[in-house]
Amino acid sequence: MKQVTEALFALQDPAYRAFHARLIPGVAWERVIGVRVPALRRYAAAFAKTPQAAEFLRELPHDYYEENNLHALLLMRRKDFDAVLSALETFLPQVDNWATCDLLRPACFAAHKEELLPPVRRWLASPHPYTVRFGIEMLMTHYLQTDFSPEYPAWVAAVQSEHYYVRMMQAWYFATALAWRWQETLPYLTERRLSPWVHTKTIQKAVESYRISPQQKQQLKALRAAGKAG
């Protein structure tokens with residue numbers, strides 16, 4: 001929609017564009033307007049109240065990176081679980097970078113955890129890397145602190161991908177799982193159930209985490225040293 005594009009360009013910050021475009025490889029420079037996230041959130045909050053918001057959500061694909069981010073912010077505000085799931089089926093294949101993927105956290109999912117699990121399994125099996133990343137992120141967001149099951153980290157470990165941003169999300173998941181579910185998660189490292197790259201990156205991220213105790217970090221560092229020696 002031309003009006004939306006014009007509104008986003010009115011919020012453009014050229015310095016931020018030059019900085020942020022370098023952080024989202026795979027997104028062409030000319031597709032980045034350069035809108036800071038707080039400004040985009042304020043615009044989304046106002047735009048969501050207009051009839052044009054529903055029309056915008058039907059217009060895919062979008063031309064600009066910020067239009068995809070606006071799409072994600074609008075979906076996050078929706079309260080109808082089934083409607084959000086339906087919208088995600090068309091939107092997730094359009095996501096082409098980690099930032100848009102990680103921005104997308106629908107609020108209504110917190111109240112529908114049981115119904116969310118079948119879609120999560122489907123997302124994890126997708127050939128589209130950012131759909132897989134989104135599925136792992138939903139497991140990390142909704143099923144670690146509460147509603148945890150030992151099968152969920154097994155689902156994440158079973159994902160086979162050479163895509164950098166999928167493997168990074170796997171490592172992020174397991175590093176976070178160590179903070180909340182140490183006993184259940186540690187065997188994935190001691191028994192080397194993860195790919196070597198994800199194993200190493202998980203330890204790195206966990207050692208850098210303030211949620212992991214000094215004693216736990218020493219144990220992880222010993223595992224890392226043993227791996228190098230082997």
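Preceding this section is the structure that the text describes.
In short, a report on the structure. (Residues numbered from 1 in each chain as written. Predicted model: local features only at pLDDT ≥ 70, side-chain atom pairs only at ≥ 80, totals over all residues. Heavy atoms only, no water.)

Below, the discussion takes up the pattern of salt bridges. All told, the structure shown has eight salt bridges when counted by the stated rule. Note that R105 and E137 form a salt bridge whose closest N and O atoms lie 2.6 Å from each other. Linking R105 in the loop between α7 (98–103) and α8 (113–124) with E137 in helix α9 (residues 129–142), this pair joins segments that are 32 residues apart in sequence. For R105, a relative accessible area of 35% corresponds to the partly exposed category. The class of E137 is buried, set by a relative accessible area of 0%. The closest approach of N and O atoms between E191 and R193, which form a salt bridge, is 2.7 Å. (Salt bridge = Lys/Arg side-chain N within 4 Å of Asp/Glu carboxyl O. Helix = DSSP H or I, 4+ residues; strand = E, 2+ residues; numbered from the N terminus. Buried < 20%, exposed > 50% of the residue type's maximum accessible area, 1.4 Å probe, protein only.)

With that out of the way, let us pick up α8. Think of an α-helix as 3.6 residues a turn; residues three or four steps apart then line up on the same face. For α8, which comprises 12 residues, the first-to-last C-alpha distance of 16 Å matches the rise-based estimate of 16 Å (1.5 Å per residue) to within 8%. Among the structural elements, α6 (81–91), α9 and α10 (151–157) are those in contact with the buried residues of α8. (Expected span 1.5 Å × (residues − 1). Contact = heavy atoms within 4.5 Å.)

Turning our eyes to something else, we now look at the packing of helix α11 (residues 164–180) against helix α14 (residues 196–207). At their nearest, the axes of α11 and α14 sit 8 Å apart, and the two run at 50 degrees to each other. When the axis of α11 is compared with that of α14, the two are oblique. In this structure, α11 meets α14 at a crossing whose hand is right-handed. Facing α11, whose interface residues are Y164, R167, M168, Q170, A171, W172, F174, A175 and L178, α14 presents W197, V198, K201, T202, K205 and A206. Of the residues in the contact of α11 with α14, the class split is 10 nonpolar, two polar and three charged. (Axes fitted to C-alpha atoms, helices over the stretch in contact; angles between N-to-C directions. Parallel < 35°, antiparallel > 145°, perpendicular 65-115°, else oblique. Left-handed = near helix turned anticlockwise from the far one by under 90°. Nonpolar A, V, L, I, M, F, W, Y, C, P; charged D, E, K, R; others polar.)

Glancing now at the packing of aromatic side chains. Under the defined criterion, the tally for this structure stands at 13 aromatic pairs. Measuring from ring centre to ring centre gives 4.9 Å for Y152 and W155, while their planes differ by 55 degrees; the resulting arrangement is tilted. Taken as a pair, Y152 and W155 lie in helix α10 at a separation of three residues, close to a single helical turn. You'll find Y152 and W155 in the same group, each marked buried. (Phe/Tyr/Trp six-rings, centres within 6.5 Å; stacked < 30°, edge-to-face > 60°.)

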